[in-house]
Amino acid sequence: QVQLVESGGGLVQPGGSLRLSCAASGSIFNIYAMGWYRQAPGKQRELVATITSGGSADYADSVKGRFTISRDNAKNTVYLQMNSLEPEDTAVYYCNTNAQRYRFSPVLDYWGQGTQVTVSS
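Since this is a predicted model, take the numbers as computed values, not measurements.

Draft legend 1. Inspection of the state of the cysteines at higher detail. Evaluation of the coordinates by the stated rule reveals 1 disulfide. Each sulfur in the disulfide pair C22 and C95 lies 2.1 Å from the other. Of note, the bridge from C22 to C95 carries an S-S torsion of about -85 degrees and is left-handed in sense. Pair noted here: C22 is in strand β3 (residues 18–26) and C95 is in strand β9 (residues 91–100), with a separation of 73 residues, a long-range link. On the accessibility criterion, C95 (0% relative accessible area) is buried.

Draft legend 2. Representation of the side chain of E6. Relative to the elements of secondary structure, E6 occurs in strand β1 (residues 2–7). Among buried charged residues, E6 stands out as having no salt bridge; its nearest opposite-charge side chain is R45, 7.8 Å away. Here the side chain of E6 touches C95 through a polar contact of 2.7 Å, landing on its backbone nitrogen. Engagement of the side chain of E6 in a polar contact is seen with the backbone nitrogen of Q113, the distance being 3.0 Å. If we ignore the near neighbours within four places in the chain, the residues touching E6 are S21, C22, W36, Y93, Y94, C95, G112, Q113, G114 and T115.

Draft legend 3. Structural view of the pairing of strand β7 (residues 67–72). Of the two faces of β7, only one is covered, namely that formed by F67, I69 and R71; the face formed by T68, S70 and D72 stays uncovered. Note: β7 against strand β8 (residues 77–82), 6 bridges, orientation antiparallel. Its bridge partner lying in β8, S70 is registered against Y79. The turn linking β7 back onto β8 is made up of 4 residues, and N76 within it adopts a positive phi angle of 50 degrees.

Draft legend 4. Focus on the packing of aromatic side chains. Inspection of the entire model under this criterion finds 1 aromatic pair. Ring centres of Y37 and W111 lie 5.0 Å apart, and the angle between their planes is 65 degrees; on these two criteria the pair is classed as edge-to-face. Remark: W111 occurs in strand β10 (residues 107–111) and Y37 occurs in strand β4 (residues 30–39); sequence separation between them is 74 residues. Judged by its relative accessible area of 22%, Y37 falls in the partly exposed class. In this structure W111 comes out as partly exposed when scored by relative accessible area, which is 35%. Sitting over the face of the ring of Y94, R45 holds its NZ or CZ atom 3.7 Å from the ring centroid. For the cation-ring pair, R45 lies above W111, with the distance from its terminal atom to the ring centre recorded as 4.7 Å.

The rules behind each value
- Residues numbered from 1 in each chain as written.
- Predicted model: local features only at pLDDT ≥ 70, side-chain atom pairs only at ≥ 80, totals over all residues.
- Heavy atoms only, no water.
- Disulfide = S-S within 2.5 Å.
- Helix = DSSP H or I, 4+ residues; strand = E, 2+ residues; numbered from the N terminus.
- Buried < 20%, exposed > 50% of the residue type's maximum accessible area, 1.4 Å probe, protein only.
- Lys, Arg positive; Asp, Glu negative; His and termini not counted.
- Salt bridge = Lys/Arg side-chain N within 4 Å of Asp/Glu carboxyl O.
- Polar contact = N/O pair within 3.5 Å; in protein donor to acceptor, adjacent residues only side chain to side chain.
- Contact = heavy atoms within 4.5 Å.
- Pairing = 2+ DSSP bridges.
- Phe/Tyr/Trp six-rings, centres within 6.5 Å; stacked < 30°, edge-to-face > 60°.
- Lys NZ or Arg CZ within 6 Å of the ring centre and 35° of its normal.

This is the structure in structure tokens:
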């Protein structure tokens, strides 16, 4: 199994910053794309940002210029630096990865348990 453990969420005032981390562990042969999604109360889960193993990143329009995704392949860890946070960014943030447990096993989708981010004064 592949486990994803997120950290770094919390309460922050509008205009503030937070940095989320997500570490993958377990039986891992290869990790491909990693990303962050979020789900606000009463809304569907949405993509925030993704990054390939080569470092190519993609962002939702709503966070471009404010959020930065990065990864450390040696640590199987992905980060999300969130600046200029707005109340609309309040949500549970989930880490996601496509990973392969063994050399000839299928590439599967894995999710973390989520971390709450609340932006409020």
